[in-house]
Amino acid sequence: MPITLTSRPAADARPVRAVHANGVDGLAGAARKWAEAMRFTGGAGSVLVVPGPEGDATAAYLGLGSRAKNAAHEAATALQFGALAGKLPAGAWSIEADGSAGDATLRALAMRLGGYRFSRYKAGGEESPDEAHAEVFAGDGADIEEANRIADAVFLTRDLINTPTNDLGPAELEHAARALAKEFGADISVITADDLLEMNFPMIHAVGRASASAPRLIDFTWGRVDAPKVTLVGKGVCFDTGGLDIKPSSSMLLMKKDMGGAANVLGLARLVMASGLAVRLRVLIPAVENSISASAFRPGDVLPSRKGKTVEIGNTDAEGRLVLADALALADEESPELMVDMATLTGAARVALGPDVPPFYTADADFAARLAAASIAVADPVWQLPLWQPYAENLASKIADINNVTSDGFAGSITAALFLEGFVEKAKTWAHFDVYGWRPKPSPTGPVGGEAQAIRAIYDVMKQRYGGRS
Ligand code: BES
Ligand code: MG
Ligand code: ZN
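Here is a short report on the structure shown in this document. No experiment lies behind these values; they were computed from the predicted model shown.

### Overview of the coordination of the magnesium ion (ligand 2)
The coordination sphere of the magnesium ion (ligand 2), as far as protein atoms go, consists of Asp-240 (OD), Asp-317 (O), Asp-317 (OD) and Glu-319 (OE), spread over 2.0 to 2.2 Å. Angles of 73 to 169° at the metal separate the six donor atoms of the magnesium ion (ligand 2), which places the site in the irregular class. Positions of the donor residues of the magnesium ion (ligand 2) along the chain correspond to the pattern D-x76-D-x1-E. A gap of 3.2 Å separates the magnesium ion (ligand 2) and the zinc ion (ligand 3), which Asp-240 links by coordinating each metal. Of this pair, Asp-240 sits in strand 10 (residues 236–240) while Glu-319 is found in the loop between strand 13 (310–312) and helix 10 (320–332), placing the two residues 79 residues apart along the sequence. Each member of the pair, Asp-240 as well as Glu-319, carries the same accessibility label: buried.

Structure (structure tokens):
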């Protein structure tokens, strides 16, 4: 059952007591007996609902596992509150927890996130608005407006990734961006099909032209024109077959999520606009399907690019960097103060860090340090990997300015980042995130499926820099 956050505890609210492992020793009377009978030991993410004499739920306990030993563990502890979604019966509840259970706003957010379900294709359809909710007061100090804003952004990202390509191709991704732009009064323009050639986006066109849904570049701006320019660029490959270098079926199965960068960027944009940060926001999404037909681009082709460099295609499956390069080149032309791109760019990033921890790349040490700190504070993991310049020579081409893949296959996520770096010149700070965009195992904050990654951490850094309404 989803959780609705309340700003005050209702008069009839029942307590939800957060306990660490072994904290059950402190329980007394009937609650103690019930905990023992149900083998509730306060393990992380375990929930015990306690019935009264009439059989209705009178109290609940949330297990937090062992006591946090550092800030990262404390923030992770707050996420355990997500386990309450789905387990708390309907009606009013009030959290009783101390500082060892983490930040109150993060607890509130976790409770919203844990209630997410993607039910569009299930009998009964979308969640009906009159479905019973548990109404929970998350504790003093919880900023529930902020928690709701963040949850809405994460849900947008998850919904976009979870929607299969037959309902979310390039055209529908454009519709989603238009809907968001309209909601917040942003200006949007879209360059489609052969106009991409006319307007000098040859690589976006080449990657997307084999699809029945035309390639396009989505471009929206929001905020005061004189505010600092922040530009977000997201890989919007709505499906990645690999192109003529076709993927084997096991690798292709999940490729509806290859627009995960775009979905994350739209979630982050929603957050920035909803909280009114003092920025001139720009969002750029090259939206394409890397498909196969007689018009597909080929291995060995040499493509021109917006930036002027020629790119030899060593592998049509390294398509994300091609569409991003043209979008980054455009973004870079107005010298933004901060330019962030997000992309499900390489399998190599998963080999290095697994699905939960997206690597990021930047030459701005101050931004990297702030991001690392924010990542811990808000429990949104990211990890910096180096833009190791000596590897750039592995992208050399015999006949063009650069190849889209390396000759040796080493350090795939780093060399993809170095490829992108070659299309960035003027942005003051550039950061690239190689995200997975998918949660492969259920957790207290969400089921298996599309996942927002790094946007809460990036938003936290942006709030520090650009807090306040624009
Ligand atoms: N979309 C994939 C990367 C990917 C695969 C992300 C699986 C997450 C999970 C990307 O377009 C791709 O195919 N990259 C290739 C690059 C290679 C051809 C240099 C890869 O990672 O294998
Ligand atoms: Mg690919
Ligand atoms: Zn891809």
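Structure's up, so let's keep going.
### Re a nonpolar patch on the surface
A surface patch of nonpolar side chains, about 250 Å² in accessible area, is lined by Leu-244, Ile-246 and Ile-292. Of note, Leu-244 is situated in the loop between strand 10 and helix 8 (249–252). Given a relative accessible area of 39%, Leu-244 falls into the partly exposed group.

### Structural notes on the site of ligand 1
Near ligand 1 lie 16 residues; those nearest to it are Asp-240, Asp-258, Asp-317, Glu-319 and Gly-347. With the chains in place, 76% of the 520 Å² that ligand 1 exposes on its own is no longer accessible. By residue class, the composition of the shell around ligand 1 is four nonpolar, four polar and eight charged.

### Focus: the packing of aromatic side chains
If you walk through the whole model with that rule in mind, you get six aromatic pairs. Residues Phe-118 and Tyr-121 carry aromatic rings whose centres are separated by 5.9 Å and whose planes lie at 55° to one another, so their mutual orientation is tilted. Seen from their ring centres, Phe-419 and Phe-423 are 5.3 Å apart, and the 40° between their planes marks the pair as tilted. For Phe-419, a relative accessible area of 0% gives the class buried. Here the guanidinium or amino end of Arg-107 rests over the ring plane of Phe-81, the centre of that ring lying 5.4 Å away.

### A few points about the pairing of strand 15 (residues 359–362)
Both faces of strand 15 are covered, namely the face carrying Pro-359 and Tyr-361 and the face carrying Phe-360 and Thr-362. Sheet analysis places strand 15 next to strand 16 (residues 383–384), joined by two bridges and oriented parallel. Paired with Pro-359 across the strands is Trp-383, a residue of strand 16. After leaving strand 15, the chain enters helix 12 (residues 365–377) and then returns to the sheet as strand 16, a path that is right-handed. Relative to strand 18 (residues 429–434), strand 15 is paired through three bridges, and the arrangement is antiparallel.

Parameters at a glance
- Residues numbered from 1 in each chain as written.
- Chains lettered and ligands numbered in written order.
- Predicted model: local features only at pLDDT ≥ 70, side-chain atom pairs only at ≥ 80, totals over all residues.
- Heavy atoms only, no water.
- Donors = N, O, S within 2.8 Å, 3.2 Å for Na, K, Ca; no water.
- Tetrahedral: all angles 85-135°; square planar, octahedral: opposite > 155°, others 65-115°.
- Helix = DSSP H or I, 4+ residues; strand = E, 2+ residues; numbered from the N terminus.
- Buried < 20%, exposed > 50% of the residue type's maximum accessible area, 1.4 Å probe, protein only.
- Patch = residues over 30% accessible without salt bridge, like charges linked within 9 Å, V, L, I, M, F, W, Y side chains within 5 Å.
- Areas by Shrake-Rupley, 256 points an atom, 1.4 Å probe, with all protein chains shown as cover.
- Salt bridge = Lys/Arg side-chain N within 4 Å of Asp/Glu carboxyl O.
- Near = heavy atom within 4 Å.
- Nonpolar A, V, L, I, M, F, W, Y, C, P; charged D, E, K, R; others polar.
- Phe/Tyr/Trp six-rings, centres within 6.5 Å; stacked < 30°, edge-to-face > 60°.
- Lys NZ or Arg CZ within 6 Å of the ring centre and 35° of its normal.
- Pairing = 2+ DSSP bridges.
- Right-handed = clockwise from strand over helix to strand, strands pointing away.

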